[in-house]
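Breakdown of the fold
Each chain, letter by letter, is given below.
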Amino acid sequence: MSAKYTAEGSVWINEGGRIVCRDHGGSYLTAAIVKGKGPHIFTPLEDWLYHPPEVAEHYDFNCEDCGGRTTHRAGKGGDDE
Ligand SMILES: [Zn+2]
């Protein structure tokens, strides 16, 4: 239920250097995060490493899909967990 590696502003980076927020790493990564796995997650396809908000901020890492970082969607939205 409670995922650990979901800090607001965090990102995930894979072995190829692709940077994503928690929503854009693909279903395998998203599912693993929801299960509380991390900070190093191996999916059948890729190898992801969690980067906390302070690191993402320092290096200006942003998701390649949405241009942002992990956000909490709890509350008002219709698509939160
Ligand atoms: Zn994203």
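Residues numbered from 1 in each chain as written. Predicted model: local features only at pLDDT ≥ 70, side-chain atom pairs only at ≥ 80, totals over all residues.

From N to C terminus, the chain includes two helices and four strands. Beginning at the N terminus, the succession of helices and strands in the chain can be written as β-β-α-β-β-α. Burial analysis of the chain (81 residues in total) assigns 23% to the buried set. Here the contacts in the chain between residues at least 6 apart in sequence split such that 66% fall between residues at least 24 apart. (Helix = DSSP H or I, 4+ residues; strand = E, 2+ residues; numbered from the N terminus. Buried ≥ 20, exposed ≤ 12 C-beta atoms within 10 Å, placed from the backbone. Contact = placed C-beta atoms within 7 Å.)

With 85% of its residues at a pLDDT of 70 or more, the chain has an overall mean of 89. Note that pLDDT drops below 50 for residues 75-81; the model gives that stretch four contacts with residues more than four away or on any other chain. (pLDDT = per-residue confidence, 0-100.)

Moving on, we get to the pairing of strand 4 (residues 47-51). Two faces make up the sheet, and in a regular strand the side chains alternate between them. In this structure, strand 1 (residues 11-14) lies alongside strand 4, joined through four bridges in antiparallel fashion. Its bridge partner being in strand 4, Trp-12 is matched across the sheet by Tyr-50. Looking at chain direction, strand 3 (residues 40-42) and strand 4 are connected through three bridges and run antiparallel. Looking across to strand 4, one finds that His-40 is bridged to Leu-49. Between strand 3 and strand 4, which pair antiparallel and follow one another directly, the connecting turn spans four residues. (Pairing = 2+ DSSP bridges.)

What follows concerns the sheet that holds strand 1. Pairing in this open sheet of four strands is antiparallel, and the strands run 2-1-4-3 from one edge to the other. The two strands at the open ends of the sheet, each matched to only one other strand, are strand 2 (19-20) and strand 3. Relative to strand 2, strand 1 is paired through two bridges, and the arrangement is antiparallel. Its bridge partner lying in strand 2, Trp-12 is registered against Val-20.

Moving on: unusual backbone geometry. Look at the link from Gly-38 to Pro-39: it is a cis peptide, with omega at 0°. Residue placement: Pro-39 occurs in the loop between helix 1 (27-34) and strand 3. The phi torsion at Asp-60 lies on the positive side, around 55°, for a residue other than glycine. Relative to the helices and strands, Asp-60 resides in the segment after helix 2 (53-59).

Here the focus is the environment of Pro-53. Mapping Pro-53 onto the fold places it in helix 2. In this structure the C-alpha to C-alpha distance between Pro-53 and Ser-10, which are 43 residues apart in sequence, comes to 4.2 Å. Each residue touching Pro-53, except ones within four places of it in the same chain, is listed here: Ala-7, Glu-8, Gly-9 and Ser-10.

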